[in-house]
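Residues per chain, in single letters:
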Number of protein chains: 2
Amino acid sequence: MESEYYTFGPYKIHHKEVFYYTDLSYAMVNLRPLLPGHVLVCPRREVKRFVDLTAEETSDLWLTAQKVGSRLEDHHKASSLTFAIQDGPQAGQTVPHVHIHILPRRGGDFEKNDEIYDAIDVKEKELKEKLDLDKERKDRSLEEMAEEASEYRRLLL
Amino acid sequence: MESEYYTFGPYKIHHKEVFYYTDLSYAMVNLRPLLPGHVLVCPRREVKRFVDLTAEETSDLWLTAQKVGSRLEDHHKASSLTFAIQDGPQAGQTVPHVHIHILPRRGGDFEKNDEIYDAIDVKEKELKEKLDLDKERKDRSLEEMAEEASEYRRLLL
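Not measured: the values here are computed from a predicted model.

Draft legend 1. Focus on helix H1 (residues 55–75) of chain B. When the terminal C-alpha atoms of H1 of chain B are compared, their 30 Å separation across 21 residues agrees well with the 30 Å that a helix rising 1.5 Å per residue should span. Positive phi shows up at Lys-77 of chain B, right after H1 of chain B, with a value of about 50°.

Draft legend 2. Representation of the sheet that holds strand E7 (residues 100–105) of chain B in the model. Ordered in space as E3(A)-E4(A)-E5(A)-E7(A)-E6(A)-E6(B)-E7(B)-E5(B)-E4(B)-E3(B), the ten strands form an open sheet in which the pairing is antiparallel. What marks the edges here is a single partner per strand, and that holds for strand E3 (18–21) of chain A together with strand E3 (18–21) of chain B. Mean inter-strand twist for the sheet, computed between neighbouring axes without regard to direction, equals 20°. Where strand E5 (residues 39–43) of chain B meets E7 of chain B, three bridges bridge the pair, whose relative direction is antiparallel.

Draft legend 3. Quick look at the side chain of His-99 of chain B. All names here are of chain B. Structurally, the position occupied by His-99 is in the loop between strand E6 (80–87) and E7. Judged by relative accessible area, His-99 falls into the buried class, the value being 3%. A polar contact is formed between the side chain of His-99 and the backbone oxygen of His-97, at a distance of 2.7 Å.

Draft legend 4. Just the packing of helix H1 (residues 55–75) of chain A against H1 of chain B, in detail. Running from amino to carboxyl end, H1 of chain A crosses H1 of chain B at an angle of 120°, the nearest separation of the two axes being 9 Å. As judged from the angle between their axes, H1 of chain A and H1 of chain B are oblique. The two elements H1 of chain A and H1 of chain B meet at a crossing, and its hand is right-handed. Where H1 of chain A approaches H1 of chain B, its residues Ala-55, Thr-58, Ser-59, Trp-62, Leu-63 and Gln-66 of chain A are matched on the opposing element by Ala-55, Thr-58, Ser-59, Trp-62, Leu-63 and Gln-66 of chain B. Grouping the constituent residues of the contact of H1 of chain A with H1 of chain B by class yields six nonpolar, six polar and no charged.

Draft legend 5. Highlighting the pairing of strand E2 (residues 11–14) of chain B. Residue and element names in this part refer to chain B. Strand direction decides the pairing type here: strand E1 (residues 5–8) and E2, joined by four bridges, are antiparallel. Among the inter-strand pairings, Thr-7 is bridged to a residue of E2, identified as Lys-12. Connecting E1 to the antiparallel partner E2 that follows it, the hairpin turn spans two residues, and Gly-9 within it adopts a positive phi of roughly 55°.

Draft legend 6. Structural detail: the packing of aromatic side chains. Per the counting criterion, the structure on display carries 13 aromatic pairs over all chains. Look at Phe-19 of chain A and Tyr-152 of chain A: their rings are 5.2 Å apart centre to centre, the planes differ by 75°, and that puts the pair in the edge-to-face class. Separated by 133 residues along the polypeptide, Phe-19 of chain A in strand E3 and Tyr-152 of chain A in helix H3 (residues 142–155) bring together distant segments of the chain. The same class applies to Phe-19 of chain A as to Tyr-152 of chain A, namely buried. Feature note: the residues Phe-50, Trp-62 and Phe-83 of chain A together with Phe-50, Trp-62 and Phe-83 of chain B constitute an aromatic cluster, connected by ring pairs.

Draft legend 7. Quick peek at the packing of H1 of chain B against helix H3 (residues 142–155) of chain B. Residue and element names in this part refer to chain B. One can describe the packing of H1 onto H3 by two numbers: an axis separation of 10 Å at closest approach and a directional angle of 110°. The pairing of H1 with H3 is recorded here as roughly perpendicular in orientation. Residues Arg-71, Leu-72 and His-75 of H1 pack against Glu-151, Tyr-152 and Leu-155 of H3. Taken together, the residues that form the contact of H1 with H3 break down as three nonpolar, one polar and two charged.

Draft legend 8. Spatial organisation of the confidence of the model for chain A. For chain A, mean pLDDT is 85; residues scoring 70 or higher make up 82% of the total. Ignoring residues within four places in sequence, the model shows residues 112–131 of chain A, a span with pLDDT below 50, making 37 contacts including any to other chains.

The rules we used
In every chain, residue numbers begin from 1 and rise along the written sequence. For this description, chains carry letters from A and ligands carry numbers from 1, given in the order in which they are written. Given that the model is predicted, a residue must reach a pLDDT of at least 70 before its local features are reported, and side-chain atom pairs must reach 80 or more before they are shown or counted; all residues, however, enter totals for whole chains, interfaces and linings. To obtain the side-chain values, all non-hydrogen atoms of the structure were included, while hydrogens and water were left out. Runs of E in the DSSP output that reach at least two residues are strands. Runs of H or I that reach at least four are helices, and both are numbered from the N terminus. By definition here, a helix of n residues has an expected span of 1.5 Å times n minus one. By this definition, two strands are paired if DSSP reports at least two bridges between them. What counts as an axis is a line fitted to C-alpha atoms, over the stretch in contact for a helix, and the angles between N-to-C directions run from 0 to 180 degrees. Think of it in three bands: with a 1.4 Å probe and only protein chains considered, a residue is buried below 20% of the maximum accessible area for its type, exposed above 50%, and partly exposed in between. Polar contacts, as used here, are pairs of N or O atoms within 3.5 Å; protein pairs need one atom able to donate a hydrogen and one able to accept it. Residues neighboring in sequence count only if both atoms are side-chain atoms. If an angle is under 35 degrees, it is roughly parallel; if it is over 145, roughly antiparallel; if it lies from 65 to 115, roughly perpendicular; otherwise it is oblique. What makes a crossing left-handed is the near helix being turned counterclockwise from the far one by less than a right angle; a clockwise turn instead makes it right-handed. Contacts are assigned to residue pairs with any non-hydrogen atoms lying within 4.5 Å of each other. Each residue gets one of three labels, nonpolar for Ala, Val, Leu, Ile, Met, Phe, Trp, Tyr, Cys and Pro, charged for Asp, Glu, Lys and Arg, and polar for the others, Gly among them. For this analysis, a ring pair means two rings from Phe, Tyr or Trp (six-membered ring only for Trp) whose centres lie within 6.5 Å, classed as stacked if their planes differ by under 30 degrees, edge-to-face if by over 60, and tilted for the remaining angles. Each residue carries a pLDDT score, the predictor's confidence in it, ranging from 0 to 100.

As C-alpha coordinates, then:
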(Lines give C-alpha, C1' and ligand atoms only; values in the text may rest on other atoms or scores of the structure.)
Protein backbone atom coordinates (compact mmCIF):
# COMPACT_ATOMS: atom_id res chain seq x y z
CA MET A 1 0.00 0.00 0.00
CA GLU A 2 1.16 3.51 -0.81
CA SER A 3 1.26 6.04 2.02
CA GLU A 4 1.07 9.79 1.91
CA TYR A 5 3.97 9.94 4.33
CA TYR A 6 6.59 7.35 5.23
CA THR A 7 8.25 7.18 8.63
CA PHE A 8 12.00 7.79 8.83
CA GLY A 9 12.93 7.96 12.50
CA PRO A 10 11.39 11.19 13.83
CA TYR A 11 10.80 12.52 10.28
CA LYS A 12 7.90 12.19 7.88
CA ILE A 13 8.98 11.54 4.29
CA HIS A 14 6.60 12.89 1.65
CA HIS A 15 5.47 10.24 -0.87
CA LYS A 16 6.89 12.40 -3.66
CA GLU A 17 10.40 11.56 -2.40
CA VAL A 18 9.66 7.82 -2.38
CA PHE A 19 10.14 6.04 -5.71
CA TYR A 20 9.60 2.40 -4.78
CA TYR A 21 7.92 0.48 -1.99
CA THR A 22 6.88 -3.00 -0.93
CA ASP A 23 4.70 -4.01 2.04
CA LEU A 24 7.78 -3.89 4.29
CA SER A 25 10.31 -1.52 2.69
CA TYR A 26 10.58 1.74 0.75
CA ALA A 27 13.23 3.55 -1.32
CA MET A 28 13.68 7.33 -1.32
CA VAL A 29 15.91 9.90 -2.91
CA ASN A 30 18.45 11.54 -0.63
CA LEU A 31 18.24 15.01 0.87
CA ARG A 32 22.01 15.38 0.48
CA PRO A 33 23.32 12.99 -2.16
CA LEU A 34 27.05 12.33 -2.13
CA LEU A 35 26.96 11.16 -5.77
CA PRO A 36 24.25 11.02 -8.48
CA GLY A 37 21.83 8.22 -7.65
CA HIS A 38 22.74 8.07 -3.95
CA VAL A 39 19.46 6.79 -2.45
CA LEU A 40 18.24 5.18 0.77
CA VAL A 41 16.27 1.97 1.33
CA CYS A 42 14.45 1.63 4.68
CA PRO A 43 12.10 -0.72 6.48
CA ARG A 44 8.61 0.80 6.74
CA ARG A 45 8.53 -0.04 10.43
CA GLU A 46 10.56 2.34 12.57
CA VAL A 47 13.44 0.19 13.81
CA LYS A 48 16.72 1.62 15.06
CA ARG A 49 19.15 -1.28 14.73
CA PHE A 50 19.55 -3.86 11.96
CA VAL A 51 19.37 -6.73 14.47
CA ASP A 52 15.85 -5.62 15.43
CA LEU A 53 14.39 -6.37 12.00
CA THR A 54 12.42 -9.60 11.60
CA ALA A 55 13.73 -12.18 9.12
CA GLU A 56 10.97 -11.18 6.72
CA GLU A 57 11.87 -7.49 6.96
CA THR A 58 15.59 -8.19 6.55
CA SER A 59 15.02 -10.26 3.40
CA ASP A 60 12.59 -7.79 1.89
CA LEU A 61 14.88 -4.83 2.64
CA TRP A 62 17.85 -6.39 0.84
CA LEU A 63 15.82 -7.75 -2.08
CA THR A 64 14.53 -4.19 -2.50
CA ALA A 65 18.09 -2.78 -2.30
CA GLN A 66 19.30 -5.33 -4.85
CA LYS A 67 16.61 -4.36 -7.34
CA VAL A 68 16.95 -0.61 -6.78
CA GLY A 69 20.75 -0.73 -6.98
CA SER A 70 20.75 -2.64 -10.23
CA ARG A 71 18.31 -0.23 -11.93
CA LEU A 72 20.14 2.87 -10.71
CA GLU A 73 23.54 1.54 -11.76
CA ASP A 74 22.26 1.09 -15.32
CA HIS A 75 20.40 4.40 -15.29
CA HIS A 76 23.46 6.37 -14.14
CA LYS A 77 25.77 4.43 -16.50
CA ALA A 78 27.80 3.39 -13.48
CA SER A 79 29.80 0.16 -13.22
CA SER A 80 29.72 -0.66 -9.50
CA LEU A 81 27.63 -0.04 -6.38
CA THR A 82 28.39 0.75 -2.77
CA PHE A 83 25.87 -0.65 -0.26
CA ALA A 84 26.30 0.40 3.37
CA ILE A 85 24.43 0.42 6.66
CA GLN A 86 25.72 2.69 9.40
CA ASP A 87 24.11 0.66 12.15
CA GLY A 88 24.21 2.76 15.30
CA PRO A 89 25.65 6.19 16.22
CA GLN A 90 29.28 5.02 16.51
CA ALA A 91 29.04 3.84 12.89
CA GLY A 92 27.90 7.30 11.74
CA GLN A 93 24.12 6.76 11.90
CA THR A 94 22.41 10.11 12.49
CA VAL A 95 18.77 9.09 11.93
CA PRO A 96 17.76 6.28 14.33
CA HIS A 97 15.92 4.25 11.68
CA VAL A 98 17.70 1.48 9.72
CA HIS A 99 18.64 2.65 6.22
CA ILE A 100 20.79 1.22 3.45
CA HIS A 101 22.86 3.73 1.50
CA ILE A 102 23.15 2.79 -2.19
CA LEU A 103 25.66 4.69 -4.32
CA PRO A 104 26.22 4.02 -8.02
CA ARG A 105 30.00 4.17 -8.53
CA ARG A 106 32.23 4.96 -11.48
CA GLY A 107 36.00 5.09 -11.88
CA GLY A 108 37.47 8.18 -10.21
CA ASP A 109 34.11 9.47 -9.00
CA PHE A 110 35.56 10.78 -5.75
CA GLU A 111 38.37 12.63 -7.54
CA LYS A 112 35.86 15.33 -8.52
CA ASN A 113 36.12 16.58 -5.00
CA ASP A 114 38.46 19.56 -5.27
CA GLU A 115 38.63 20.55 -1.66
CA ILE A 116 42.11 20.97 -0.27
CA TYR A 117 42.46 20.05 3.35
CA ASP A 118 45.14 21.01 5.79
CA ALA A 119 46.96 18.03 7.15
CA ILE A 120 45.71 18.93 10.58
CA ASP A 121 42.11 18.39 9.50
CA VAL A 122 42.74 14.97 8.09
CA LYS A 123 41.97 12.87 11.12
CA GLU A 124 38.65 14.54 11.69
CA LYS A 125 37.82 14.32 7.99
CA GLU A 126 38.91 10.73 7.93
CA LEU A 127 36.70 9.82 10.84
CA LYS A 128 33.76 11.72 9.46
CA GLU A 129 34.07 10.74 5.84
CA LYS A 130 35.47 7.27 5.79
CA LEU A 131 32.32 5.53 6.80
CA ASP A 132 30.03 8.42 7.49
CA LEU A 133 27.53 8.65 4.70
CA ASP A 134 25.13 10.64 6.85
CA LYS A 135 27.45 13.65 7.06
CA GLU A 136 26.25 17.21 6.52
CA ARG A 137 25.69 18.22 2.94
CA LYS A 138 23.57 20.90 1.32
CA ASP A 139 19.82 20.33 1.54
CA ARG A 140 17.84 20.09 -1.68
CA SER A 141 14.30 21.35 -2.30
CA LEU A 142 11.30 19.00 -2.26
CA GLU A 143 10.74 19.97 -5.89
CA GLU A 144 14.18 18.82 -6.93
CA MET A 145 13.81 15.60 -4.97
CA ALA A 146 10.32 14.91 -6.35
CA GLU A 147 11.66 15.24 -9.88
CA GLU A 148 14.44 12.73 -9.25
CA ALA A 149 12.02 10.34 -7.52
CA SER A 150 9.62 10.47 -10.43
CA GLU A 151 12.48 9.62 -12.82
CA TYR A 152 13.44 6.61 -10.69
CA ARG A 153 9.82 5.51 -10.26
CA ARG A 154 9.70 4.83 -13.99
CA LEU A 155 12.84 2.67 -13.79
CA LEU A 156 11.16 0.40 -11.29
CA LEU A 157 7.83 -0.11 -13.04
CA MET B 1 27.61 -29.09 5.26
CA GLU B 2 31.08 -28.11 6.37
CA SER B 3 33.78 -27.95 3.70
CA GLU B 4 37.52 -28.30 4.02
CA TYR B 5 37.92 -25.26 1.80
CA TYR B 6 35.51 -22.47 0.92
CA THR B 7 35.62 -20.62 -2.39
CA PHE B 8 36.40 -16.90 -2.30
CA GLY B 9 36.83 -15.76 -5.88
CA PRO B 10 40.07 -17.33 -7.11
CA TYR B 11 41.14 -18.21 -3.54
CA LYS B 12 40.54 -21.23 -1.35
CA ILE B 13 39.72 -20.35 2.26
CA HIS B 14 40.79 -22.93 4.82
CA HIS B 15 37.95 -24.09 7.09
CA LYS B 16 39.98 -22.94 10.11
CA GLU B 17 39.37 -19.34 9.02
CA VAL B 18 35.61 -19.92 8.74
CA PHE B 19 33.63 -19.57 11.96
CA TYR B 20 30.04 -19.89 10.77
CA TYR B 21 28.25 -21.32 7.76
CA THR B 22 24.80 -22.15 6.43
CA ASP B 23 23.91 -24.08 3.28
CA LEU B 24 24.28 -20.88 1.24
CA SER B 25 26.65 -18.56 3.14
CA TYR B 26 29.78 -18.54 5.29
CA ALA B 27 31.54 -16.10 7.61
CA MET B 28 35.34 -15.82 7.89
CA VAL B 29 37.90 -13.81 9.78
CA ASN B 30 39.77 -11.20 7.78
CA LEU B 31 43.33 -11.47 6.48
CA ARG B 32 43.81 -7.74 7.13
CA PRO B 33 41.30 -6.51 9.70
CA LEU B 34 40.79 -2.75 9.87
CA LEU B 35 39.38 -3.01 13.41
CA PRO B 36 38.98 -5.89 15.92
CA GLY B 37 36.13 -8.13 14.77
CA HIS B 38 36.26 -6.98 11.13
CA VAL B 39 34.96 -10.11 9.36
CA LEU B 40 33.52 -11.05 5.98
CA VAL B 41 30.27 -12.85 5.10
CA CYS B 42 30.08 -14.44 1.62
CA PRO B 43 27.75 -16.58 -0.46
CA ARG B 44 29.16 -20.10 -0.87
CA ARG B 45 28.55 -19.93 -4.60
CA GLU B 46 31.15 -17.87 -6.46
CA VAL B 47 29.18 -14.83 -7.64
CA LYS B 48 30.82 -11.53 -8.57
CA ARG B 49 28.01 -9.00 -8.27
CA PHE B 50 25.26 -8.67 -5.65
CA VAL B 51 22.55 -8.58 -8.32
CA ASP B 52 23.58 -12.07 -9.45
CA LEU B 53 22.56 -13.71 -6.17
CA THR B 54 19.24 -15.56 -6.10
CA ALA B 55 16.56 -14.29 -3.69
CA GLU B 56 17.29 -17.22 -1.42
CA GLU B 57 21.03 -16.49 -1.38
CA THR B 58 20.44 -12.76 -0.78
CA SER B 59 18.16 -13.43 2.19
CA ASP B 60 20.42 -16.05 3.69
CA LEU B 61 23.51 -13.86 3.27
CA TRP B 62 21.96 -10.95 5.17
CA LEU B 63 20.34 -13.08 7.86
CA THR B 64 23.81 -14.55 8.42
CA ALA B 65 25.37 -11.06 8.54
CA GLN B 66 22.70 -9.89 11.00
CA LYS B 67 23.42 -12.78 13.37
CA VAL B 68 27.21 -12.55 13.05
CA GLY B 69 27.22 -8.77 13.48
CA SER B 70 25.10 -8.91 16.61
CA ARG B 71 27.30 -11.54 18.30
CA LEU B 72 30.55 -9.75 17.39
CA GLU B 73 29.27 -6.38 18.56
CA ASP B 74 28.55 -7.86 22.00
CA HIS B 75 31.79 -9.83 22.05
CA HIS B 76 33.94 -6.81 21.23
CA LYS B 77 31.96 -4.57 23.61
CA ALA B 78 31.18 -2.31 20.67
CA SER B 79 28.04 -0.17 20.34
CA SER B 80 27.46 0.00 16.58
CA LEU B 81 28.21 -1.91 13.39
CA THR B 82 29.26 -0.97 9.88
CA PHE B 83 27.92 -3.26 7.14
CA ALA B 84 29.22 -2.66 3.61
CA ILE B 85 29.39 -4.33 0.21
CA GLN B 86 31.88 -2.95 -2.30
CA ASP B 87 29.96 -4.30 -5.26
CA GLY B 88 32.27 -4.10 -8.27
CA PRO B 89 35.78 -2.76 -8.89
CA GLN B 90 34.77 0.93 -8.99
CA ALA B 91 33.35 0.53 -5.49
CA GLY B 92 36.69 -0.84 -4.20
CA GLN B 93 36.02 -4.57 -4.64
CA THR B 94 39.32 -6.38 -5.12
CA VAL B 95 38.15 -10.01 -4.87
CA PRO B 96 35.46 -10.76 -7.49
CA HIS B 97 33.19 -12.66 -5.10
CA VAL B 98 30.37 -10.88 -3.21
CA HIS B 99 31.35 -10.22 0.41
CA ILE B 100 29.83 -8.18 3.23
CA HIS B 101 32.29 -6.34 5.46
CA ILE B 102 31.13 -6.25 9.09
CA LEU B 103 32.98 -3.94 11.50
CA PRO B 104 32.10 -3.60 15.19
CA ARG B 105 32.35 0.14 15.94
CA ARG B 106 33.03 2.16 19.08
CA GLY B 107 33.27 5.88 19.73
CA GLY B 108 36.50 7.34 18.34
CA ASP B 109 37.76 4.02 17.00
CA PHE B 110 39.33 5.61 13.97
CA GLU B 111 41.13 8.23 16.07
CA LYS B 112 43.66 5.57 17.01
CA ASN B 113 45.16 5.99 13.61
CA ASP B 114 48.18 8.21 14.21
CA GLU B 115 49.42 8.58 10.70
CA ILE B 116 50.06 12.13 9.60
CA TYR B 117 49.31 12.81 5.99
CA ASP B 118 50.50 15.63 3.81
CA ALA B 119 47.68 17.65 2.36
CA ILE B 120 48.78 16.57 -1.07
CA ASP B 121 48.07 12.94 -0.25
CA VAL B 122 44.59 13.57 0.99
CA LYS B 123 42.68 13.10 -2.22
CA GLU B 124 44.34 9.79 -2.93
CA LYS B 125 43.80 8.69 0.68
CA GLU B 126 40.23 9.87 0.55
CA LEU B 127 39.52 7.88 -2.57
CA LYS B 128 41.20 4.79 -1.24
CA GLU B 129 39.95 4.89 2.30
CA LYS B 130 36.52 6.43 2.22
CA LEU B 131 34.73 3.42 0.90
CA ASP B 132 37.57 1.03 0.24
CA LEU B 133 37.51 -1.63 2.87
CA ASP B 134 39.57 -3.98 0.71
CA LYS B 135 42.67 -1.78 0.89
CA GLU B 136 46.12 -3.17 1.55
CA ARG B 137 46.87 -4.03 5.12
CA LYS B 138 49.37 -6.34 6.77
CA ASP B 139 48.71 -10.04 6.26
CA ARG B 140 48.21 -12.23 9.31
CA SER B 141 49.28 -15.85 9.78
CA LEU B 142 46.82 -18.75 9.41
CA GLU B 143 47.55 -19.58 13.05
CA GLU B 144 46.44 -16.15 14.25
CA MET B 145 43.35 -16.27 12.06
CA ALA B 146 42.45 -19.80 13.16
CA GLU B 147 42.60 -18.70 16.78
CA GLU B 148 40.24 -15.78 16.19
CA ALA B 149 37.88 -17.98 14.16
CA SER B 150 37.73 -20.55 16.92
CA GLU B 151 36.83 -17.81 19.42
CA TYR B 152 34.00 -16.59 17.16
CA ARG B 153 32.79 -20.13 16.45
CA ARG B 154 31.88 -20.46 20.11
CA LEU B 155 29.85 -17.23 19.96
CA LEU B 156 27.70 -18.64 17.23
CA LEU B 157 26.94 -22.04 18.73
